[in-house]
Amino acid sequence: MRPHEHVIATGTGGLLVALLATPFDVLKTRLIAQSLHTHNKECYYRYCKGVLDDVCVSCGHAHPPQVVYRGICQKVMYTGTWDAAVRISRTEGVFALWNGVTPTLLMIVPSAVLYFTSFDYMRNRGKDFVREKWHPIVPSISGVLSRSINVAVFSPIEMVRTKAQSENQLDYGKLKESIKRHISLNGRRSLWDGSRAQLLRDIPFTAVYWYLQERVKLRLAHHGTVLSNVGGAVTGGLVATLISHPFDLAKTQVQSSIGVGESEVGNRGLIQQLAHVTETQGFRGLFVGLIPRMTKVIPSCTIFITTFEAFKEYFTAKEQAVY
């Protein structure tokens, strides 16, 4: 395809994904962000003579007494994906499920164009430089390189988007102040906070996704283009999401905690943060938010890949018709 055709194909897919998948991203981010306030099972409260809000000595957050739930320090307690969706819709309005869609739209289209254009080029050219027996891993290597470039370029916008999605009653003025305060305290390099966890999430995700997608697509090729693309996207997305989720959790915790007082999350290393989650919440704590993430990722991969392939077939047929 020509460059402008690549832009149309990837941009359209990215736009559809941004509009349809953002609610699931918000639900995942809220579930993970609330886990930041659990700290430990012995979290306790100082009553302040019954006049002021209780202050959790463990984390320093002030809370009304009625939000104490099983001894866990929590502003709002979502018990699961559906409960979060219902509560957010009732208390903040349905459109709160699209919090962060503005930075998402600013990022997703150029991000999709950069990622998929570079990936498609490296995948097609890469097979010319390696032996045929290594061809199955060329898509994975191409995907990892493309995704690494993407993270380096778009990580600051990803941080803003994650912070926006984690906020109850989103106020872009307060969001801007949080970001400015974070930069003033930690420097401009802090805009890339969470990028290491994002890379550790995206590298295994991308490698597993493209390997399985290409293999399943070849196996289902006799069933037609649409079914083979859908089958590959669903299989690759399912396995890759499961493997990479703990790193997504760490990334989301780091980026949603910026501007919240003295946050310990940003000061911990990635391994220390994952160990802390395991220690305080158990092994299951590493997979908080997995269901909404899977609900987002699998359809997103399917929509994006089928949209791109549909445009690719259209432009190819159009070019052949001309000649």
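Residues numbered from 1 in each chain as written. Predicted model: local features only at pLDDT ≥ 70, side-chain atom pairs only at ≥ 80, totals over all residues. Heavy atoms only, no water.

J.: Just checking my understanding: could you explain the overall build of the protein chain for this structure?
T.: Scanning the protein chain from N- to C-terminus turns up nine helices and three strands. Shown N-terminal to C-terminal, the secondary structure of the protein chain runs as helices and strands in the order α-β-β-β-α-α-α-α-α-α-α-α. Carbon and sulfur atoms make up 63% of the accessible area of the protein chain, which totals about 16,900 Å². (Helix = DSSP H or I, 4+ residues; strand = E, 2+ residues; numbered from the N terminus. Areas by Shrake-Rupley, 256 points an atom, 1.4 Å probe, with all protein chains shown as cover.)

J.: What's the story with the pattern of salt bridges in this structure? I'm lost.
T.: Pairing is possible between side chains of opposite charge, provided their charged atoms come close. Counted by the stated rule, this structure contains 15 salt bridges. Note that Asp25 and Arg161 form a salt bridge whose closest N and O atoms lie 2.4 Å from each other. Separated by 136 residues along the polypeptide, Asp25 in helix 1 (residues 3–34) and Arg161 in helix 4 (residues 138–166) bring together distant segments of the chain. Each of the two residues, Asp25 as well as Arg161, counts as buried. We note a salt bridge from Lys251 to Glu158, for which the minimum N-O separation is 2.8 Å. You can see Lys251 sitting in helix 7 (residues 225–256) and its partner Glu158 sitting in helix 4, a full 93 residues away along the chain. One exposure class covers both Lys251 and Glu158, and it is buried. Taken together, the shared-partner salt bridges connect Asp25, Lys28, Glu158, Arg161, Arg201, Asp202, Asp248, Lys251, Arg293 and Lys296 into one network. (Salt bridge = Lys/Arg side-chain N within 4 Å of Asp/Glu carboxyl O. Buried < 20%, exposed > 50% of the residue type's maximum accessible area, 1.4 Å probe, protein only.)

J.: Can you help me understand the packing of helix 1 against helix 2 (residues 81–92) in this one?
T.: In helix packing, the relevant descriptors are the interaxial angle and the interaxial distance, both defined with respect to the helix axes. In the contact formed by helix 1 and helix 2, the axes pass within 10 Å of each other and the chain directions differ by 100°. Between helix 1 and helix 2, the crossing angle belongs to the class labelled roughly perpendicular. Side by side, helix 1 and helix 2 meet where Leu27, Arg30 and Leu31 of the first sit next to Thr81, Ala84, Ala85, Ile88 and Glu92 of the second. Its residues assigned to classes, the contact of helix 1 with helix 2 shows five nonpolar, one polar and two charged. (Axes fitted to C-alpha atoms, helices over the stretch in contact; angles between N-to-C directions. Parallel < 35°, antiparallel > 145°, perpendicular 65-115°, else oblique. Contact = heavy atoms within 4.5 Å. Nonpolar A, V, L, I, M, F, W, Y, C, P; charged D, E, K, R; others polar.)

J.: Help me out: how do you make sense of the side chain of Glu158 in this one?
T.: Residue Glu158 is classed as buried on the basis of its relative accessible area of 4%. Only 2.8 Å separates the side chain of Glu158 from the side chain of Arg161, close enough to count as a polar contact. When residues no more than four places from it in sequence are discounted, the contact partners of Glu158 are Met107, Gln198, Lys251 and Gln255. (Polar contact = N/O pair within 3.5 Å; in protein donor to acceptor, adjacent residues only side chain to side chain.)

J.: Got a minute to help me understand the nonpolar core in this structure?
T.: One broad rule of soluble globular proteins: the nonpolar side chains tend to lie buried together. Ranked by size, the top nonpolar core spans 17 residues in total, and within it Phe116, Phe205, Tyr209, Trp210, Cys301 and Ile305 carry the most contacts. Sorting the residues of this core by element identifies helix 1, helix 3 (101–126), helix 6 (195–219), helix 7 and helix 9 (290–322) as the ones contributing at least two each. Here this core gets five residues from one element, more than from any other, and that element is helix 9. Look past the residues within four positions of Ile305 in its chain and what remains in contact with it is Phe116, Tyr209, Trp210, Gln213, Asn229 and Ala233. (Core = buried A, V, L, I, M, F, W, Y, C linked by side-chain atoms within 4.5 Å.)

J.: Before we go on, may I ask you to explain the side chain of Ser118 in this structure?
T.: Position of Ser118 relative to the elements: it lies in helix 3. Beyond its immediate chain neighbours, meaning those up to four positions away, Ser118 contacts Val113 and Ser146.

J.: Help me understand the environment of Asn229 in this model?
T.: Checked against the element boundaries, Asn229 lands in helix 7. C-alpha separation for the pair Asn229 and Gln213, spaced 16 residues apart in sequence, amounts to 7.7 Å. If we skip the residues at most four places from it in the chain, Asn229 touches Gln213, Lys217, Ile305, Thr306 and Glu309.

J.: What's the story with the confidence of the model for the protein chain in this structure? I'm lost.
T.: Taken as a whole, the protein chain shows an average pLDDT of 80; of its residues, 82% reach a score of 70 or greater. Ranking the elements of the protein chain by mean pLDDT puts strand 1 (residues 45–46) last, at 39, and helix 6 first, at 91. Long-range and interchain partners of residues 38–60, a stretch whose pLDDT sits below 50, account for 50 contacts in this model, where long-range means more than four residues apart. (pLDDT = per-residue confidence, 0-100.)

J.: Before we go on, may I ask you to explain helix 5 (residues 172–186) in this structure?
T.: For an α-helix the count is 3.6 residues per turn, leaving residues at separations of three or four pointing the same way. A rise of 1.5 Å per residue sets the reference length of helix 5, with its 15 residues, at 21 Å; its end C-alpha atoms lie 21 Å apart and thus fit the reference within 8%. Of the residues making up helix 5, those classed as buried are Leu175, Ser178, Ile179 and His182. Projected onto a plane normal to the axis of helix 5, the buried residues spread over an arc of 95° and lie on a single side. Exposed residues pointing more than 90 degrees away from the buried face of helix 5 are listed as Lys174, Lys176 and Ser184. Along its buried surface, helix 5 packs onto helix 4. Positive backbone phi, at 90°, marks Gly187, one or two positions downstream of helix 5. (Expected span 1.5 Å × (residues − 1). Arc of directions from axis to C-beta.)

J.: Teacher, can you tell me more about the packing of helix 1 against helix 4 here?
T.: Interhelical geometry of helix 1 versus helix 4 gives an angle of 75° and a closest axis separation of 8 Å. Classified by the angle their axes make, helix 1 and helix 4 are roughly perpendicular. Counted together, Thr22, Asp25, Val26, Thr29, Arg30 and Ala33 of helix 1 and Arg161, Thr162, Gln165 and Ser166 of helix 4 form the full contact between these two elements. Of the residues that constitute the contact of helix 1 with helix 4, the class distribution is two nonpolar, five polar and three charged.

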